[in-house]
Amino acid sequence: MSTLGSFIWSIADQLRGPYRPNQYGNVILPLTILRRLDCILAPDRETVRDLAAKFDNPNRLKVEVKKATGRTFYNTSNYSFANLLKDADGLADNLNDYIDRFSPDVDVFEYFDFKKEIVALEKAELLREVVSSFAAIDLHPDRVSNSDMGDAFEYIIRKFNEAANETSGDHYTPRDAIKLLVDLLFAEEDAGLSEAGIVRTLYDPTAGTGGMLSLAQEHLLAQNPDARLSLFGQEYNPQSYAICKSELLGKGQDADGIARGDTLKNDAHLTERFDYVLSNPPYGGDWKAAEDVVRAEHTKGGGRFDAGLPRISDGQTLFLQHLASKMRPVKSSDANSGGRAGIVLNGSPLFTGGAGSGESEIRRHLIESDLVDAIVALPTNMFY
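Residues numbered from 1 in each chain as written. Predicted model: local features only at pLDDT ≥ 70, side-chain atom pairs only at ≥ 80, totals over all residues. Heavy atoms only, no water.

Enquirer: When you look at the overall build of the protein in this model, what are you seeing that I'm missing?
Expert: A count of helices and strands for the protein gives 16 helices and five strands. A principal-axis box enclosing the C-alpha atoms of the protein has dimensions of 70 × 50 × 40 Å. Each of the 384 residues in the protein was classed as buried or not, and the buried ones make up 51%. Nonlocal contacts in the protein, meaning residues at least 24 apart in sequence, comprise 76% of its contacts between residues at least 6 apart. Accessible area of the protein: about 18,100 Å², with a carbon and sulfur share of 47%. Side chains of the protein carry 41 positive and 57 negative charges; the gap between the two charge centres is 2 Å. (Helix = DSSP H or I, 4+ residues; strand = E, 2+ residues; numbered from the N terminus. Buried < 20%, exposed > 50% of the residue type's maximum accessible area, 1.4 Å probe, protein only. Contact = heavy atoms within 4.5 Å. Areas by Shrake-Rupley, 256 points an atom, 1.4 Å probe, with all protein chains shown as cover. Lys, Arg positive; Asp, Glu negative; His and termini not counted. Charge placed at Lys NZ, Arg CZ, Asp CG, Glu CD.)

Enquirer: It is not clear to me how the side chain of Ser348 should be interpreted in this structure. Could you clarify?
Expert: Checked against the element boundaries, Ser348 lands in helix α15 (residues 348-351). Taking the relative accessible area as the measure of exposure, Ser348 reaches 16% and is therefore buried. Excluding residues within four positions of it along the chain, Ser348 makes contact with Arg311, Asp314 and Gln316.

Enquirer: Is there a simple way to explain the pattern of salt bridges in this structure?
Expert: Two side chains bearing opposite charge may form a pair once their charged atoms approach each other closely. As enumerated under the stated definition, the model contains 23 salt bridges in all. One salt bridge in this structure joins Arg311 and Asp314, with 3.6 Å as the shortest N-O distance. According to the relative accessible area criterion, Asp314 is buried, its value standing at 7%. When salt bridges that share partners are traced, they join Arg35, Asp38 and Arg45 into one network. (Salt bridge = Lys/Arg side-chain N within 4 Å of Asp/Glu carboxyl O.)

Enquirer: Teacher, can you tell me more about a negative patch on the surface here?
Expert: A cluster of acidic residues, Asp87, Asp89, Asp93, Glu122 and Glu125, forms a negative patch at the surface. On the secondary structure map, Asp87 appears in the loop between α4 (58-69) and α5 (91-100). (Patch = residues over 30% accessible without salt bridge, like charges linked within 9 Å, V, L, I, M, F, W, Y side chains within 5 Å.)

Enquirer: How do you make sense of the packing of aromatic side chains when you look at a structure like this?
Expert: Each aromatic ring pair is summarised here by two numbers: the centre-to-centre distance and the angle between the ring planes. All told, the structure shown has seven aromatic pairs when counted by the stated rule. When the centroid spacing of 4.9 Å and the interplanar angle of 75 degrees are considered together, the rings of Tyr111 and Tyr241 count as edge-to-face. Note that Tyr111 is positioned in the loop between α5 and α6 (114-123) and Tyr241 in helix α12 (residues 238-250), a separation of 130 residues in sequence. A relative accessible area of 24% places Tyr111 in the partly exposed class. A relative accessible area of 3% means that Tyr241 is categorised as buried. Look at Phe232 and Phe274: their rings are 5.2 Å apart centre to centre, the planes differ by 50 degrees, and that puts the pair in the tilted class. (Phe/Tyr/Trp six-rings, centres within 6.5 Å; stacked < 30°, edge-to-face > 60°.)

Enquirer: Help me understand a nonpolar patch on the surface in this model?
Expert: A cluster of nonpolar residues, Leu350, Phe351, Ile367, Leu371, Val372 and Ile375, forms a patch on the protein surface that exposes about 620 Å² of accessible area. Within the secondary structure layout, Ile367 lies in helix α16 (residues 358-368). Judged by relative accessible area, Ile367 falls into the exposed class, the value being 59%.

Enquirer: Even after reading the chapter, I still don't get the nonpolar core, so can you show me in this structure?
Expert: What tends to happen in soluble globular proteins is that the nonpolar side chains get buried as a cluster. Within the largest apolar cluster, 79 residues are counted, with the highest numbers of intra-cluster contacts made by Leu15, Ile28, Leu34, Phe109 and Phe134. When residues in this core are grouped by element, the largest group, ten residues, is from helix α2 (residues 25-41). When near neighbours in sequence (up to four residues on either side) are disregarded, Leu34 contacts Phe81, Leu95, Tyr98, Ile99, Phe102 and Phe109. Of all hydrophobic cores here, the second largest spans eight residues; its members include Leu264, Trp287, Ala290 and Leu309. (Core = buried A, V, L, I, M, F, W, Y, C linked by side-chain atoms within 4.5 Å.)

Enquirer: What is the right way to look at α16 in this model?
Expert: Along an α-helix, residues three or four apart share an orientation, since each turn contains 3.6 residues. Listed in full, the buried residues belonging to α16 are Gly358, Glu359, Ser360, Ile362, Arg363 and Leu366. In this structure, the buried residues of α16 make contact with α14 (316-326) and α15. Of the residues one or two after α16, Asp370 is the one with positive phi, at around 60 degrees.

Enquirer: Mind showing me how you'd approach the packing of α14 against α16 here?
Expert: Axes are the key here: two packed helices are described by the angle between their axes and the distance separating the axes. Taken N-terminus to C-terminus, the directions of α14 and α16 make an angle of 25 degrees; their axes are 10 Å apart at the nearest point. Classified by the interaxial angle, the pair formed by α14 and α16 is roughly parallel. As α14 runs across α16, the sense of the crossing is left-handed. When α14 is examined against α16, the residues Thr317, Leu320, Gln321 and Ala324 are found in contact with a partner set consisting of Glu359, Ile362 and Leu366. Residue composition of the contact of α14 with α16, by class: four nonpolar, two polar and one charged. (Axes fitted to C-alpha atoms, helices over the stretch in contact; angles between N-to-C directions. Parallel < 35°, antiparallel > 145°, perpendicular 65-115°, else oblique. Left-handed = near helix turned anticlockwise from the far one by under 90°. Nonpolar A, V, L, I, M, F, W, Y, C, P; charged D, E, K, R; others polar.)

Enquirer: What should I look at first to understand the sheet that holds strand β1 (residues 199-204) in this one?
Expert: Sheet strands line up and pair through hydrogen bonds in the backbone, either parallel or antiparallel. Pairing is parallel across the open sheet formed by five strands, whose spatial order is β3-β2-β1-β4-β5. The two strands at the open ends of the sheet, each matched to only one other strand, are β3 (258-260) and β5 (340-343). Strand-to-strand twist of the sheet, defined as the mean angle between neighbouring strand axes without regard to direction, takes the value 15 degrees. The pairing of strand β2 (residues 228-235) with β3 spans three bridges and is classified as parallel. Paired with Glu235 across the two strands is Arg260, which belongs to β3. In the packing of helix α11 (residues 211-223) onto the sheet, the strands contacted are β1, β2, β3 and β4 (276-279), and the crossing angle to β2 comes to about 170 degrees. Relative to β5, α14 is tilted by about 160 degrees, and along the sheet it contacts β1, β4 and β5. (Pairing = 2+ DSSP bridges.)

In structure tokens, the structure reads:
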């Protein structure tokens, strides 16, 4: 259990009554993100305010902030958790001002519709109590590592999912599964990964809260601190997207490569190919919302879904084909130059569909194209 996660969950008990347990995340998750960013910004807050007074252009201000602080994001508000509570009558307005004055790349709070929750908390006379509780937590990376912060997010998301009876695999991939997947992705490139100043790209089309991207980055930097891994992803769930992007920003990374939307319906990285691709798509999720786009792409040919279409009730093999299409192609001069992909699935894509079915044709394509290096059976009951 995450100690920090359980502490944050205890704050959610203050919401009992006006909020149902499956609604706690609408308040707790954005406030956790806000407090994390607030702690990161604290040491340079006055420097950024001085720069904001000199430079009106957001693009120029971003450059100057990056030079002064090393961060890609900023906040120009006069408020923070350090002084929000001093103005009891103006708390709601001041909190809104704080959120509004983040740099344009911090778009995460709108995906929680958090301003609506501020109004609801104020009406229930809970806003001051909840903000006070978060103000008492120090979430600066010097006190709470990125790994521990990730554990905390995963813990509270799991608790909220349990309250809402969410399906396993919808939001959360166990870290042991991610570590194994990353080990397999990097297994045959030990020599290349140790080169000074190497640059690699990593993509997750179902990024969730960013656990796969973060652990892959930690793995690579542990081998080679001088390496640079550019992270890309796409996530449909608005709250998961917000957590993913905020965590990357919190680590001082460029989060512009993280897109919001349905990957099957609208590939936000259409023309890009990557060194490493990994994913844990929804299990047993239908693809009705993307059906028109997917069928049109399949009929046209030359796209992601040429091998076949699975039954409408389970889109896992569509994601399999999507991953295969996003790998960097092999150079004719170097047989080992292509990208590598790994995907976490349940048993359905291995066994569903008889000969000639869409699933069978997709399996045939992957095997006959020599795209499958290994299939690893995970323990049962590993997923929440």
